[in-house]
Amino acid sequence: MTIRLRDPVHNFIELRADEVNLLDTQALQRLRGIKQLAMAQLVYPGAVHTRFEHSLGVMHLSGLMANELGCNEDEIRLVRLAALLHDIGHGPFSHISERALEIFYNPTLSVADRKGGLHELISATIVERDDEILKRLGKDTCTNIAKLLRIGYGQPALKSIVRGPLDADKQDYLLRDSLFCGVKYGVFDIHQMHRSLILHGPEDEKELMIRQDGIHAVEQYVLAKYYLTTNVYRHKVRLITDQMMVRAISLGIEKDEIEDLKRLYHFDGSDDFIQYYERFDDAAFMQKFCLDAAEGSKCKEVLLRVRQRKLLKRVFDCRVREFKDSVRDMLPKLMDEQRDLRKSVEAALSREIEERTGKKLDADLVVVNVFSIRSAREMSRNDEQGILVLGDPPELFENASTLFASINERYADEFVEVYAPIEWSTEAEKNSVRRKVKQPIFEVIETNCAAAIERPER
Amino acid sequence: MNTYDFVHLALYAMGGEIRGKTKLQKTIYFLGRLSNHIDELGYNPHFYGPYSSEVAEAANRLRSIGFLEQSVASGGAFDSRGFEVARWDFSLDEEGRKVAELKAGNNGKVWKKIEKASTVLKKAGDMDYQRISIAAKTDFLLGQKGGRAKIKDLEELASRFGWTVKKPEIVEAGEFLEKIGLVKLV
């Protein structure tokens, strides 16, 4: 039996019998409780859409793409199922859990095990082990879907539909995020883009490309990604809430020593991990680690602040280039491999800000964030290889597009920001605080990083 | 070692300069293969041979913090519409070299392996982006285990990409692979 569902982005989405069977599995239903953009609703109140409807959208678009490319019925079935299940490995608050997993996974996992990203790995693991899914799809189909999600299965184009620079995932989230955020940046001519898709290459390794007549639609698509990244995904309030949520989890694990929180993010590939992980969506997470948590928990305190929108304030921002050379090399590493150094820098910053402002601060809530901005041209590649335009020989989209070929690719910048639990009520007060702390913060970061470089621990 | 530091040291080992994005990708690929760090660099198959978004991102980061100059140069080639094809050249600036030197000192063991690999690579001859791509794709397809290849196989690869590459250039790509010890030509 097939059914048709109404979707705000794609209108009717048709589900085939085995997809309908999957809908009621707990693994898919859990996605109804995981918001696509985490706490972005604090900036864009409409951004409350979930991974569930996104997964339906990706399935729908994957089917359209596979059909346009002339895939056979087995391939279309497989790619639609893989698309429907591609996000079941997401944890509470989507990318926030992803970041926490990257920090707290079991370090004995090999590089090969982690290849392709932890949430993709968890999605594939759930597909292969979840009893309900196995029962409804059968072991062979589940194994093939897991392979397709991780390393690819069948012709390379199938993987490109699920994950690649032109994948159905990005197509759906750009359209859906822009609709729910109420911005007009994510719109592009998806039908023309689909019409221009083509497979090209030797029989056994045909790649997904676009024809020349799809270049303008892809230009729109890449610009949509660029505008949404700069206006929504990198919105300053969103950067702050993301950092606060990750900080809450880190404090819960490292300071409060909450075993259940550690269990949630210490991914080790075991059945026990998967079963526990599948119990949580956004609400279950907030209930357990915020509302029901013991008084005095640092994790609870930070989560409550987010819930009540008592956000940290950006007291400092600066280009990484302004620091001296060896510090520039070190600064981006504060976000991953140099976490201990980041903690000591933040402790020093807390003391400095207290001294300059005369306000008592909670040192655990002073947060350093380092991130990058790339040129629109660079963004055409996303996290994957470039988009290819059919030609003799095929060429990269960023060269084939007259618009993108003229964009200065050299533009790339790295920024460092500091957030702190400071209150200000007027613009003048805000400017005064930021002015007072600007130079001292700069010096604290530079001095602490430089000192760490002089005593390498290798 | 993380991909960012590897790419920084690899560029330094290659004399601080690499001409063209494709060449950057493939050079780092071969340095990774020869130093046994390839699994950490995130390479995946691509139409034009192995490609790593992590390597591209590492080059971006070096650029954005002011260690790597990226300039556009004419490769002397023209596309099918007659437009000149731009080539992006990379070169470590003075600060990038200084920090690389410090990094090499702090990571002696890995640095020695990268340096040794770069010596092997440089000795094998300077390859343009097409030939080094054919070599990288051949190596990738052969399963990265010191496989055996025929010149005929390489010719077929080049034609699959749609490249107009002359036979001597293909022979050169094959000889390059053999010289660096990854393939036995038969």
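Each chain has its residues counted from 1, following the order in which its sequence is written. Key to labels: chains lettered from A, ligands numbered from 1, both in the order written. Side-chain atom pairs in this predicted model are given and counted only at pLDDT of 80 or more, local residue features only at pLDDT of at least 70, and totals for whole chains, interfaces and linings cover all residues.

Caption draft 1: Broad picture of the overall build of chain A. Within chain A, the regular secondary structure consists of 24 helices and nine strands. We take the radius of gyration over the C-alpha atoms and set the globule estimate at 2.2 Å times the residue count to the 0.38 power. At 23 Å, chain A has a C-alpha radius of gyration in line with the 23 Å of a compact globule built from 458 residues. Judged by the C-alpha coordinates and their principal axes, chain A covers about 70 × 50 × 45 Å. Field definition: a residue is buried when 20 or more other C-beta atoms are found within 10 Å of its C-beta, exposed when 12 or fewer are, and partly exposed for counts in between, with C-beta atoms placed from the backbone. Residues counted as buried form 47% of the 458 residues belonging to chain A. By the convention adopted here, residues are in contact when the distance between their C-beta atoms, placed from the backbone, does not exceed 7 Å. Counted over contacts in chain A with a minimum sequence separation of 6, partners at least 24 positions apart contribute 71%. Working definition: helices are DSSP H or I runs of at least four residues, strands are E runs of at least two. Numbering for both runs from the N terminus.

Caption draft 2: Spotlight on the overall build of chain B. Along its length, chain B carries eight helices and five strands. Of the regular secondary structure in chain B, the N- to C-terminal order runs α-β-α-α-β-β-α-α-α-β-α-α-β. Looking at the 186 residues of chain B, the share that counts as buried comes to 47%. Put simply, 67% of the contacts in chain B that link residues at least 6 apart link residues at least 24 apart.

Caption draft 3: Quick peek at unusual backbone geometry. Positive phi outside glycine occurs at Phe93 of chain A, with the angle close to 60 degrees. Of note, Phe93 of chain A is situated in the loop between α4 (73–85) and α5 (95–104). Not every positive phi belongs to a glycine, and Asn36 of chain B is a case in point at roughly 65 degrees. With respect to the element layout, Asn36 of chain B can be found in the loop between α2 (21–35) and α3 (53–64).

Caption draft 4: View of the domain arrangement of chain B. All names here are of chain B. Source of the domain bounds: an automatic or database domain assignment. Under the domain assignment used here, chain B contains domain 1 (1–123) and domain 2 (124–186). Put simply, the parts of the chain that give the side of domain 1 that touches domain 2 at least two residues each are α2 and α5 (108–123). Of all the elements, α2 adds the most residues to the side of domain 1 that touches domain 2, at seven residues. Per-class residue counts for the side of domain 1 that touches domain 2 are eight nonpolar, three polar and four charged. Just so you know the grouping, Ala, Val, Leu, Ile, Met, Phe, Trp, Tyr, Cys and Pro go in nonpolar, Asp, Glu, Lys and Arg go in charged, and all remaining residues, Gly too, go in polar.

Caption draft 5: Region of the structure containing the sheet that holds strand β5 (residues 313–319) of chain A. Residue and element names in this part refer to chain A. At least two bridges found by DSSP between two strands are what make those strands a pair. Read across the sheet, three strands follow the order β5-β9-β6 without closing on themselves; strand pairing throughout is antiparallel. This sheet does not close on itself; its edge strands, each paired only once, are β5 and β6 (367–374). Neighbouring strand axes in the sheet, compared pairwise and without regard to direction, differ in orientation by 25 degrees on average. Together, β5, β6 and β9 (412–420) form the strand contacts of helix α14 (residues 236–254), whose direction differs from that of β6 by roughly 135 degrees. As a rule, the C-alpha atoms of each element are fitted with a line to give its axis, helices using only the stretch in contact, and angles between N-to-C directions run from 0 to 180 degrees.

Caption draft 6: Region of the structure containing helix α6 (residues 129–141) of chain B. Residues and elements named next belong to chain B. Residue count minus one, scaled by 1.5 Å, sets the expected span of a helix. Over its 13 residues, α6 extends 18 Å from the first C-alpha to the last, a length consistent with the 18 Å expected when each residue adds 1.5 Å. Taking burial as the measure, the 13 residues of α6 include 11 buried ones, the bulk of the element. Residues of α6 that are buried: Tyr129, Gln130, Arg131, Ile132, Ser133, Ile134, Ala135, Ala136, Lys137, Thr138 and Asp139.

Caption draft 7: Examining the nonpolar core more closely. When buried Ala, Val, Leu, Ile, Met, Phe, Trp, Tyr and Cys residues are joined through C-beta atoms within 7 Å, the set is termed a nonpolar core. Counting residues in hydrophobic clusters, the biggest one holds 182 residues, and the most contacted among them are Val79, Ala82, Ile145, Met245 and Cys299 of chain A together with Val7 and Ala10 of chain B. With near-sequence residues (within four places) excluded, Ile145 of chain A lies in contact with Leu78, Leu81, Ala82, Leu85 and Val127 of chain A.

Caption draft 8: Quick peek at the packing of α2 of chain B against α6 of chain B. Residue and element names in this part refer to chain B. Close contact between α2 and α6 brings their axes to 9 Å; oriented N to C, the two are set at 40 degrees. Compared by their axis directions, α2 and α6 come out oblique. Along this stretch, α2 crosses α6, giving a crossing that reads as left-handed. Contacts between α2 and α6 involve Thr22, Lys23, Lys26, Tyr29, Phe30 and Arg33 from the first element and Tyr129, Ile132, Ser133, Ala136 and Asp139 from the second. Its residues assigned to classes, the contact of α2 with α6 comprises five nonpolar, two polar and four charged. Put simply, angles under 35 degrees are roughly parallel, angles over 145 are roughly antiparallel, angles from 65 to 115 are roughly perpendicular, and the rest are oblique. Helix crossings are classified by the rotation of the near helix relative to the far one: an anticlockwise turn of less than a right angle makes the crossing left-handed, while a clockwise turn makes it right-handed.

Caption draft 9: Seen up close, the packing of α4 of chain A against helix α9 (residues 139–150) of chain A. Residues and elements named next belong to chain A. Close contact between α4 and α9 brings their axes to 9 Å; oriented N to C, the two are set at 70 degrees. Classified by the angle between their axes, α4 and α9 sit roughly perpendicular to one another. Between α4 and α9 lies a crossing whose hand is right-handed. Facing Leu78, Leu81, Ala82 and Leu85 of α4, the residues of α9 in contact are Asn144, Ile145, Leu148 and Leu149.

Caption draft 10: Main features of helix α1 (residues 3–13) of chain B. Residue and element names in this part refer to chain B. With 11 of 11 residues buried, α1 is to be regarded as a mostly interior element. For α1, every residue scored as buried is listed here: Thr3, Tyr4, Asp5, Phe6, Val7, His8, Leu9, Ala10, Leu11, Tyr12 and Ala13. Looking one or two places after α1, you find Gly15, whose phi comes out positive at around 90 degrees.

Caption draft 11: Structural detail: the pairing of strand β4 (residues 207–210) of chain A. Of the two faces of β4 of chain A, the one carrying Glu207 and Met209 of chain A and the one carrying Leu208 and Ile210 of chain A are both buried. What sits between strand β3 (residues 197–200) of chain A and β4 of chain A in their antiparallel hairpin is a turn of six residues, with Gly201 of chain A showing a positive phi close to 130 degrees.

Caption draft 12: View of the environment of Ala10 of chain B. Residues and elements named next belong to chain B. Position of Ala10 among the secondary structure elements: in helix α1. In this structure, the C-alpha to C-alpha distance between Ala10 and Leu24, residues 14 residues apart in sequence, is 9.8 Å. Setting aside residues up to four positions removed in sequence, Ala10 forms contacts with Ile28, Leu31 and Ile114.

Caption draft 13: How the structure looks around the domain arrangement of chain A. All names here are of chain A. On domain assignment, one finds that chain A holds domain 1 (1–182 + 235–309) and domain 2 (312–374 + 411–458). Between the C-alpha centres of domain 1 and domain 2 there is a distance of 32 Å. Every contact between the two is made by nine residues of domain 1 and, on the other side, seven residues of domain 2. Secondary-structure elements contributing two or more residues to the side of domain 1 that touches domain 2 are α14 and α18 (298–307). The residue inventory of the side of domain 1 that touches domain 2, partitioned by class, reads five nonpolar, one polar and three charged.

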